[in-house]
Amino acid sequence: MPMQRDVADTNTERADRFEGRAKRQAARVIRKIVILAVMLVTCMWAFIGWSLRLEYTGACAIGRSEGYNISVALARELTSRLDIANAALGSIADAMKSNPGDEAGLRRTIAAIVRDGSAVRIVGPDGRRLVTSLNPDPGPANFTDQPDFVRHRDDASTALTVDAYAADPAGPFIQVSRRLETVDGHFAGEAVLLMNPANLLVLPRLLDLGHRGAVMIADANGIVRAGFDRDHLKGGLGVGVDLSGGGYPQSLAPGHTTVFSRIGRVLKINRTIIMHRPARYDLRVLVALDQDDILRPARLHIWLIGLAGLGATGLMAALSMLLVREVWRRIKREIDLDYDRDRLRNAQSQIQADRAQLAQTNRELLVSKDLAETANRARTQFLAHMSHELRTPLHAIIGFSELIQQQAPSKPGSPPIAGYAADILGSGRHLLALINTILDISKVESGTATLNETVFPVADLVRASVVSVRSQAEARNIALVVEMPDGIVRLRGDRTRLLQVLINLLSNAVKFTPDQGRIVLAVSIPASGELVFSVTDTGIGMTGAEIAVAMEPFGQVESSLSRSFEGTGLGLPLAVKLTELHGGRLELVSTKGCGTTAKVCLPRERVVQREAARAEGGQ
């Protein structure tokens, strides 16, 4: 008790000292938290103001940059499409120049060009239509008044022209035409490629230009030739509209880009327009972006940043209050933890004591296990030695009993010495067989048993085992059947041991099969390559529990039939041991009242083919 009071007083003093230190530390931490919170809020709002300004200018710059990249990409795609069209028309021009009268070859060339909804017209030097891929062609038959035909006829330097599809009654096409010449350079007409605007540019369908963004293709005069947006994917937006004026540049060098803002001519909304001129064609690619779409993320960010600033200010105030409260809560928690540490130390000491006790118990169990294994080995060695010691007097008893039986007087009225000698002889032989069995089991368990392996025919082994039990089976009218297919190969193993296994199994089958029963000894080689001996009887059968008892040494299943015959319960365990000594296994399958099947499965390595057996015999 005094010891406990001293410990309690010591704990109280330690807790008081700890509480004082914790309060002073908490006051210092609270001052630092307040100062730091004020500094963070001030810096945060300064940063918010600066970022709001940058957000607006950055959004405009990003919109221009994205529009520039889109316009350049679209210009390259347009240039690529027109290059393909120019090459296709060039192949027609070459065909006309090399074979001017070969209309069939010209149609084959046109058929190879026409795809994706496009069409081709060939106009002669007189302005009349010669060949068309449209069937029917609603266009004019005479092109002498068409501007593109006039330019090609009057100006030999005009390579390629592009006109709006609105001027062609054939439908929504963009006309790309090229001058045709004879071999000597005279005007031979023009080749017109009617291109579907929907296939002229693919990128507008893949790009996100915003809710009201658009892409326009205009000629040198600012006239829209094709337009694309979300609602006009086939290129029909604003075709024919004049874009000049209102900041539209009158001239633009090939490969250059310009940016300007104005109210759109097609859709009356405030737009940022990025215009790019392809390097090889006198066309304009305009990317018209809605300024509301450009500034919407910036405006949203401005609102979000403002709300985040207000939220962060409130959060810092709330965190400061929570931190102050948490500091005071931590004081009590630290005091409680100090007492918990003392209890944990005591518990740890108790756990270590229990662990030491468990270790001692474990050591004792290991010693007991070693003693049990030593006793088991001593028992096995004792049985092996005693079996050898018992054999010598038993051989003497058997020999003398045989001699007495042979020399005993057989005259009437003489003492029945021969009968006594026969009983002694039978008992001695039975005891010798029992000792031999015990010796075999002891050798297997002690690991001293060895195999005298030879190669022998399986048929001889089966025949010898059947001969050993045939007299017992015939005495009880039990049918003994052998099923062995032709061509069964030889076996490598200890013939004496395997013969003992089969005799034990057949003896058990005869013992437990009623009169007039049937026993089948079958030999087979399944797909696994093992050699299987199976002994099937129509005996009394066993349950699973009775099989476990029968597999143990000296185990006997209680039944009226088994008690009618002699037995020590060692035959089946010895068969199991000898089978395992050969690397095989013994399986029992039995049904109560229906019979038992015992299978001896030997590994495929012990099966010797006829050729191999013959070679070993020659050696």
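Because the structure is a prediction, the values reported are computed rather than measured.

Trainee: Report on the overall build of the protein chain, specifying residues and quantitative values.
Mentor: A tally of regular secondary structure across the protein chain gives 12 helices and 18 strands. Considering only intrachain contacts with a sequence separation of at least 6, the fraction spanning at least 24 residues in the protein chain is 60%. Accessible area of the protein chain: about 34,900 Å², with a carbon and sulfur share of 58%.

Trainee: Residues and numbers for the nonpolar core, please.
Mentor: L78, I92, L106, I122 and V176 are the most contacted members of the largest nonpolar core, which has 41 residues in total. With 12 residues, helix α1 (residues 2-98) is the largest single contributor of residues to this core. Residue contacts for L78: discarding those within four places in its chain leaves L200, L201, I217, P278, L283 and V285.

Trainee: Give a detailed account of the sheet that holds strand β8 (residues 257-263), specifying residues and quantitative values.
Mentor: If you walk across this open sheet you meet the five strands as β7-β6-β10-β9-β8, and the pairing is antiparallel. The sheet is open, and its two borders are formed by β7 (224-228) and β8, each paired with just one other strand. Taking each pair of neighbouring strands and ignoring which way they run, the sheet shows an average axis angle of 20°. Two strands pair when backbone bridges link them, and strand β9 (residues 270-276) and strand β10 (residues 283-290) are joined in this way by six bridges, in the antiparallel orientation.

Trainee: Describe the confidence of the model for the protein chain, and please don't skip the residues or the numbers.
Mentor: Of all residues in the protein chain, 79% attain a pLDDT of 70 or more, and the chain-wide mean is 78. Note on residues 1-5: pLDDT is under 50 here. Beyond four places in sequence and across chains, it has zero contacts. Counting contacts from residues 610-619, a segment whose pLDDT is below 50, to residues more than four positions away or on other chains yields eight contacts.

Trainee: Go over helix α9 (residues 495-511), please, and point to the residues and values.
Mentor: For α9, built from 17 residues, the straight-helix expectation of 24 Å at 1.5 Å per residue is met to within 8% by its first-to-last C-alpha distance of 24 Å. Listed in full, the buried residues belonging to α9 are R497, L498, L499, V501, L502, N504, L505, L506, A509, V510 and K511.

Trainee: Talk me through unusual backbone geometry; I want residue IDs and the actual numbers.
Mentor: P136 follows N135 through a cis peptide bond whose omega is -5°. One non-glycine residue with positive phi stands out, namely N477, at about 55°. Within the secondary structure layout, N477 lies in the loop between α8 (458-475) and β12 (479-483). Unlike most non-glycine residues, Q516 shows phi in positive territory, near 65°. Inspection of the secondary structure puts Q516 in the loop between α9 and β14 (518-524). Note on Q516: relative accessible area 60%, which makes it exposed.

Thresholds, definitions, all that
- Residues numbered from 1 in each chain as written.
- Predicted model: local features only at pLDDT ≥ 70, side-chain atom pairs only at ≥ 80, totals over all residues.
- Heavy atoms only, no water.
- Helix = DSSP H or I, 4+ residues; strand = E, 2+ residues; numbered from the N terminus.
- Contact = heavy atoms within 4.5 Å.
- Areas by Shrake-Rupley, 256 points an atom, 1.4 Å probe, with all protein chains shown as cover.
- Core = buried A, V, L, I, M, F, W, Y, C linked by side-chain atoms within 4.5 Å.
- Buried < 20%, exposed > 50% of the residue type's maximum accessible area, 1.4 Å probe, protein only.
- Pairing = 2+ DSSP bridges.
- Axes fitted to C-alpha atoms, helices over the stretch in contact; angles between N-to-C directions.
- pLDDT = per-residue confidence, 0-100.
- Expected span 1.5 Å × (residues − 1).

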